[in-house]
Amino acid sequence: MKREIAMIAFVLLGMGMTASAQFGKKINLGKALQAGKDVVSAVTLSDADIANMSKEYMAWMDTHNPLTKPDTEYGKRLEKLTGHIKEVDGLKLNFGVYEVIDVNAFACGDGSVRICAGLMDVMTDEEVMAVVGHEIGHVVHTDSKDAMKNAYLRSAVKNAAGAANDKVAKLTDSELGAMAEALAGAQFSQKQENEADDYGVEFCVKNGIDPYAMANALSKLAELAKDAPKASYAQRMFSSHPDTQKRIERTKAKADSYAKK
């Protein structure tokens, strides 16, 4: 039975979609709220530091959440969808499915792409791949790197009130958990979302997938948000957000441009 997610890292498509709890358990972010020693100040974070954080973060997430086995239904479907995609724009990719109920996916700066089983349950193969393309777009455009840096700084400020060191030390379990908590509340700008949507459409075209899959995925998520609890982030920010329909129309128009070629 799939697990529940306590909080979500990298909010899917800027919507923070989660499924209802009937499927089982949610993503575990471990000891996310333990106060930890700050590792670095804002001015000392380099691209190399962020890359190392990304690797540590993904190792931590994979340890704390159930990755599906290759011989399972989800594992076989994942291989069918992504087995031929090894690298995108110079970034080496690795894919995995968390057996959790959340309708979500995210990509990290180290090339890790994780899809929640809840997303695979409600979307077609082409819609799943459109979402994957969108998330990869955030990495290619450095949005994910910036989100990682900002999440670290938010968690660092909260946990250590601005302590600083000359070097970035290996993050502790509680520090990684605090950063995951901060990532759960991260939001991309409308410009970033539009660019990732565009990348998602282009990703579909390059991989022989229906270019309308991005718009279809957005529309499906909008419908799911209507049934989300009124107090949920998804219901507040997605089902009634005025930019939602604009994003759907934009992706349809972009797909139209490819369909006419």
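As the structure is a computational prediction, the values presented were derived from the model and not from experiment.

Q: With reference to specific residues and values, describe the packing of helix 4 (residues 125-140) against helix 8 (residues 213-226).
A: Put simply, helix 4 and helix 8 touch, their axes get as near as 8 Å, and they point 95° apart. Put simply, helix 4 runs roughly perpendicular to helix 8. Between helix 4 and helix 8, the contacting residues are Glu126, Glu127, Ala130, Val131 and His134 on the first element and Ala213, Met214, Asn216, Ala217 and Lys220 on the second. Classifying every residue of the contact of helix 4 with helix 8 gives 5 nonpolar, 2 polar and 3 charged.

Q: Tell me about unusual backbone geometry, and name the residues and values.
A: Of note, the phi angle at Asp89 is positive, near 50°, even though the residue is not glycine. Its identity is not glycine, yet Thr142 carries a phi of approximately 70°, on the positive side. By relative accessible area, Thr142 is classed as partly exposed at 33%.

Q: Now, about helix 8: what can you tell me, with residues and values included?
A: The first and last C-alpha atoms of helix 8 sit 20 Å apart over 14 residues, in line with the 20 Å expected at 1.5 Å per residue. For helix 8, the full list of buried residues reads Ala213, Met214, Ala215, Ala217, Leu218, Leu221, Ala222 and Ala225.

Q: I'd love a proper account of the pattern of salt bridges, names of residues and values included.
A: Taken as a whole, this structure holds 9 salt bridges when the rule is applied. Residue Asp62 is joined to Arg114 by a salt bridge in which the shortest nitrogen-to-oxygen separation is 2.8 Å. Here the residue Asp62 occupies a position in helix 1 (residues 47-64), and Arg114 occupies one in strand 7 (residues 112-116), the gap between them amounting to 52 residues. On the basis of relative accessibility, which here comes to 5%, the residue Arg114 falls in the buried class. Across the salt bridge formed by Asp125 and Arg77, the nearest N and O atoms sit 2.7 Å from each other. In this pair, Asp125 sits in helix 4 while Arg77 sits in helix 2 (residues 73-82), placing the two residues 48 residues apart along the sequence.

Q: An account of the environment of Cys108 is needed here, citing residue identities and associated values.
A: Structurally, Cys108 is set in the loop between strand 6 (105-107) and strand 7. Relative accessible area serves as the criterion here: at 1%, Cys108 is assigned to the buried category. Distance in space between the C-alpha atoms of Cys108 and Lys145 is 7.7 Å, their sequence separation being 37 residues.

Q: Report on the sheet that holds strand 6, specifying residues and quantitative values.
A: Pairing is mixed across the open sheet formed by 3 strands, whose spatial order is 5-7-6. This sheet does not close on itself; its edge strands, each paired only once, are strand 5 (94-98) and strand 6. Adjacent strand axes in the sheet meet at a mean angle of 15° when their direction is disregarded. Bridge count for strand 5 against strand 7 is 5 bridges, and the pairing is parallel.

Q: For the environment of Ala147, give the residues involved together with the corresponding values.
A: Note that Ala147 resides in helix 5 (residues 143-160). As for Ala147 and Gln187, which are separated by 40 residues in sequence, their C-alpha atoms are 8.2 Å apart.

Q: Could you give me a rundown of the packing of aromatic side chains, with the residues and numbers involved?
A: Scanning the entire structure with this criterion turns up 1 aromatic pair. Taking the centre distance of 6.3 Å and the plane angle of 40° together, the rings of Tyr98 and Phe106 count as tilted.

Q: Please give an account of the nonpolar core that cites residues and values.
A: With 37 residues, the main nonpolar core has Leu93, Val132, Ile136 and Phe203 as its most contacted residues. Of all the secondary structure elements, the ones that give two or more residues to this core are helix 2, strand 5, strand 6, strand 7, helix 3 (117-122), helix 4, helix 7 (190-206) and helix 8. In contact with Val132, other than residues within four places in its own chain, are Phe95, Val113, Ile115 and Phe203. Listed in part, the 23 residues of the second largest apolar core include Ile50, Tyr57, Ala151 and Met179.

Q: Help me get a handle on the confidence of the model for the protein, residues and values and all.
A: Overall, the predicted model of the protein reaches an average pLDDT of 77, with 70% of residues at or above 70. Residue range residues 5-24 is modelled with pLDDT below 50. Its contacts to residues more than four positions away, or to other chains, number 94 contacts. Taken together, the stretch residues 28-43 has pLDDT below 50 and engages in 59 contacts with residues farther than four places along the chain or on a different chain.

Conventions and cut-offs
Residues numbered from 1 in each chain as written. Predicted model: local features only at pLDDT ≥ 70, side-chain atom pairs only at ≥ 80, totals over all residues. Heavy atoms only, no water. Axes fitted to C-alpha atoms, helices over the stretch in contact; angles between N-to-C directions. Helix = DSSP H or I, 4+ residues; strand = E, 2+ residues; numbered from the N terminus. Parallel < 35°, antiparallel > 145°, perpendicular 65-115°, else oblique. Contact = heavy atoms within 4.5 Å. Nonpolar A, V, L, I, M, F, W, Y, C, P; charged D, E, K, R; others polar. Buried < 20%, exposed > 50% of the residue type's maximum accessible area, 1.4 Å probe, protein only. Expected span 1.5 Å × (residues − 1). Salt bridge = Lys/Arg side-chain N within 4 Å of Asp/Glu carboxyl O. Pairing = 2+ DSSP bridges. Phe/Tyr/Trp six-rings, centres within 6.5 Å; stacked < 30°, edge-to-face > 60°. Core = buried A, V, L, I, M, F, W, Y, C linked by side-chain atoms within 4.5 Å. pLDDT = per-residue confidence, 0-100.

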